[in-house]
Amino acid sequence: MVLHYKCPHCGSDMIYDADTGKLACPSCRTRLDIEEMDVPREPAGEATETVTWHCNNCGADLMALPETAATTCSFCGAGVVIAERVTGDQSPHYVIPFTVSKEEAIKAFKKWCRNGLLTPKGFMTADRIKSITGIYVPFWLYDLNSRARVNATATKVRTYTSGDYLYTETSYYDVYRELDLHYVKVPVDASVKMDDRFMDRLEPYQYSGLKEFKPPYLAGYLAEKYQFTDAELLDRAKNKIRSYIESAIGSSLSGYTTVTRMSEDIETRNVKSHYVLLPVWLVVYDYDNFEHNFVMNGQTGKVVGKPPLSYGKIAAWFGGIAAGVFLAMKFLSLAMGGGFL
Ligand SMILES: [Zn+2]
Ligand SMILES: [Zn+2]
């Protein structure tokens, strides 16, 4: 079964509106408060591998892949939510709705290409953007508890003079530390399609923006359901906190001249994990007969990807500035800075 949100006044397709945070009708400007809407709690049918659905607008029969939770009709563009994939035990716990609109995402794409200043000739004028798609990407948010037990030997060295003599006094210590560490909302993306490196670099999301999940947030966007369980991704979550545990141990052992760690026992437990959908803008553009991706955090506007650069134009630009190498290097690092892979 598909959930298809029709305007109660004029019958147009309603979509989630990033500017107002409401379900909006693009024709008559009717807006509905999603938090007050009723949603089906139980699955309307089996979440089978591939589902076929019928578009009420244009009558087309369409297929939705096993991971699709929300999609659009390829004939008339109507946005629908696949009910079985977002209800019952398939229901996300929370969602961060889009706050960056499609217009803002396109504007940001152009700015990111520096309005063509450094991109190859014709890049900005040609219609390079093949598609711009708002996708809700499935993530697990882990609350983790780590217990670390560390044995070390340490020394403190003190030197002082007395009379004609310089004394060095070394004290030896057996050190034992037990740390109880808590990490909340460690995100790991649970989608096969999205590149993990991209997803990690889109962080951080502001978790104060988490809303209790309701299907209308997905209206007009694509959404995927998780393709890995929280148990399957636990190791990735543990890896993400490894360096924090390391530095917590390090600072618990400060104050000595030397520290030699003899043994270290770290146990990390998954206290709780939440299934959430996080907003991502995916821009596919075409350059040099290749497709390139640019992704943007749909909540904060942070951009990850790499625009094509014209080395001729970069040279000309620096030539115009005609300053020393130092300045050129500085500009180059500025030009290359921010969010590049
Ligand atoms: Zn309407
Ligand atoms: Zn249709």
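Conventions adopted
- Residues numbered from 1 in each chain as written.
- Chains lettered and ligands numbered in written order.
- Predicted model: local features only at pLDDT ≥ 70, side-chain atom pairs only at ≥ 80, totals over all residues.
- Heavy atoms only, no water.
- Helix = DSSP H or I, 4+ residues; strand = E, 2+ residues; numbered from the N terminus.
- Buried < 20%, exposed > 50% of the residue type's maximum accessible area, 1.4 Å probe, protein only.
- Contact = heavy atoms within 4.5 Å.
- Areas by Shrake-Rupley, 256 points an atom, 1.4 Å probe, with all protein chains shown as cover.
- Patch = residues over 30% accessible without salt bridge, like charges linked within 9 Å, V, L, I, M, F, W, Y side chains within 5 Å.
- Salt bridge = Lys/Arg side-chain N within 4 Å of Asp/Glu carboxyl O.
- Donors = N, O, S within 2.8 Å, 3.2 Å for Na, K, Ca; no water.
- Tetrahedral: all angles 85-135°; square planar, octahedral: opposite > 155°, others 65-115°.
- Pairing = 2+ DSSP bridges.
- pLDDT = per-residue confidence, 0-100.
- Polar contact = N/O pair within 3.5 Å; in protein donor to acceptor, adjacent residues only side chain to side chain.

Participant: If you had to explain the overall build of the protein to someone new, which residues and values would you point to?
Facilitator: Of the regular secondary structure elements, the protein holds five helices and 16 strands. Per-residue burial over the protein gives 43% buried out of 341 residues. Contacts in the protein between residues far apart in sequence, at least 24 positions, make up 71% of those at least 6 positions apart. Of the accessible surface of the protein, which amounts to about 18200 Å², a share of 51% is contributed by carbon and sulfur atoms.

Participant: How would you explain a nonpolar patch on the surface if you had to name every residue and give the values?
Facilitator: A surface patch of nonpolar side chains, amounting to about 330 Å² of accessible area, comprises Y160, Y165 and Y167. Take Y160: it is sitting in strand 10 (residues 129-162). Taking the relative accessible area as the measure of exposure, Y160 reaches 31% and is therefore partly exposed.

Participant: An account of the coordination of the zinc ion (ligand 1) is requested, with residue identities and associated values reported.
Facilitator: Think of it this way: four donors in a tetrahedron around the metal ideally sit 109.5 degrees apart, and six in an octahedron ideally sit 90 or 180 degrees apart. With distances of 2.2 to 2.3 Å, the protein atoms coordinating the zinc ion (ligand 1) are C7 (SG), C10 (SG), C25 (SG) and C28 (SG). Around the zinc ion (ligand 1) sit four donor atoms, and with donor-metal-donor angles ranging over 101 to 119° the site reads as tetrahedral. If you list the donors of the zinc ion (ligand 1) from N- to C-terminus, the spacing comes out as C-x2-C-x14-C-x2-C. You can see C7 sitting in the loop between strand 1 (2-3) and strand 2 (15-17) and its partner C25 sitting in the loop between strand 3 (22-24) and strand 4 (31-32), a full 18 residues away along the chain.

Participant: With reference to specific residues and values, describe the coordination of the zinc ion (ligand 2).
Facilitator: Distances from the zinc ion (ligand 2) to its protein donors, C55 (SG), C58 (SG), C73 (SG) and C76 (SG), fall at 2.3 Å. Bound by four donor atoms, the zinc ion (ligand 2) shows angles of 102 to 118° at the metal and therefore tetrahedral coordination geometry. Within one chain, the residues donating to the zinc ion (ligand 2) are spaced in sequence as C-x2-C-x14-C-x2-C. On the criterion of sequence distance, the pair formed by C55 in the loop between strand 5 (51-54) and strand 6 (61-64) and C73 in the loop between strand 7 (68-72) and strand 8 (79-82) is long-range, its members being 18 residues apart. A single burial state applies to C55 and to C73, both of which are buried.

Participant: Outline the pattern of salt bridges, supporting the account with residue identities and numerical values.
Facilitator: Taken as a whole, this structure holds 15 salt bridges when the rule is applied. For K211, the salt bridge is made with E35, and the minimal N-O distance between the two is 3.3 Å. Of this pair, K211 sits in strand 12 (residues 211-212) while E35 sits in the loop between strand 4 and strand 5, and the two are 176 residues apart along the sequence. A residue is classified by how much of its surface remains accessible, and K211, at 32% relative accessible area, is partly exposed. A relative accessible area of 48% means that E35 is categorised as partly exposed.

Participant: Before we move on, could you go through the pairing of strand 8 and cite the residues and values that matter?
Facilitator: By the alternation rule, side chains of strand 8 split into G79 and V81 and V80 and I82, which are all buried. As paired elements, strand 1 and strand 8 share two bridges and run antiparallel to each other. Paired with L3 across the bridge in strand 8 is V81. Note: strand 7 against strand 8, three bridges, orientation antiparallel. Residue pairing in the sheet places T72 in a bridge with G79 of strand 8. Between strand 7 and strand 8, which pair antiparallel in sequence order, lie six residues; one of them, G77, sits at a positive phi of approximately 85°.

Participant: So what's going on with the confidence of the model for the protein? Residues and values would help.
Facilitator: When pLDDT is averaged along the protein, the result is 85, and 83% of the positions lie at 70 or above. No element of the protein has a lower mean pLDDT than helix 5 (residues 325-336), at 51, and none a higher one than strand 9 (residues 94-95), at 97. Every residue in residues 321-328 scores below 50 in pLDDT, and together they form three contacts with partners more than four places removed in sequence or on other chains. Here residues 337-341 is modelled with pLDDT under 50, and outside its nearest four sequence neighbours on either side it reaches 15 contacts, counting other chains as well.

Participant: So what about the pairing of strand 10? Which residues, and what values?
Facilitator: Note: strand 10 against strand 14 (residues 258-287), 26 bridges, orientation antiparallel. Its bridge partner lying in strand 14, D143 is registered against K272. Relative to strand 13 (residues 222-224), strand 10 is paired through two bridges, and the arrangement is parallel. When the sheet's bridge partners are listed, Y136 is paired in strand 13 with A223. Examined bridge by bridge, strand 10 and strand 11 (residues 165-189) share 23 bridges and lie antiparallel to one another. Across the sheet, residue L144 finds its bridge partner in strand 11, namely Y183. In textbook terms, the turn of a hairpin is the stretch between consecutive antiparallel strands, and for strand 10 and strand 11 this stretch comprises two residues, one of which, G163, has a positive phi near 60°.

Participant: Explain the side chain of S146 to me, using residue names and the numbers behind them.
Facilitator: By the secondary structure assignment, S146 is in strand 10. The exposure class assigned to S146 is buried, which follows from its relative accessible area of 1%. Here the side chain of S146 touches T268 through a polar contact of 2.9 Å, side chain to side chain. Residues in contact with S146, not counting those within four places in the same chain, are L179, D180, L181, Y183, I241, I245, E267 and T268.

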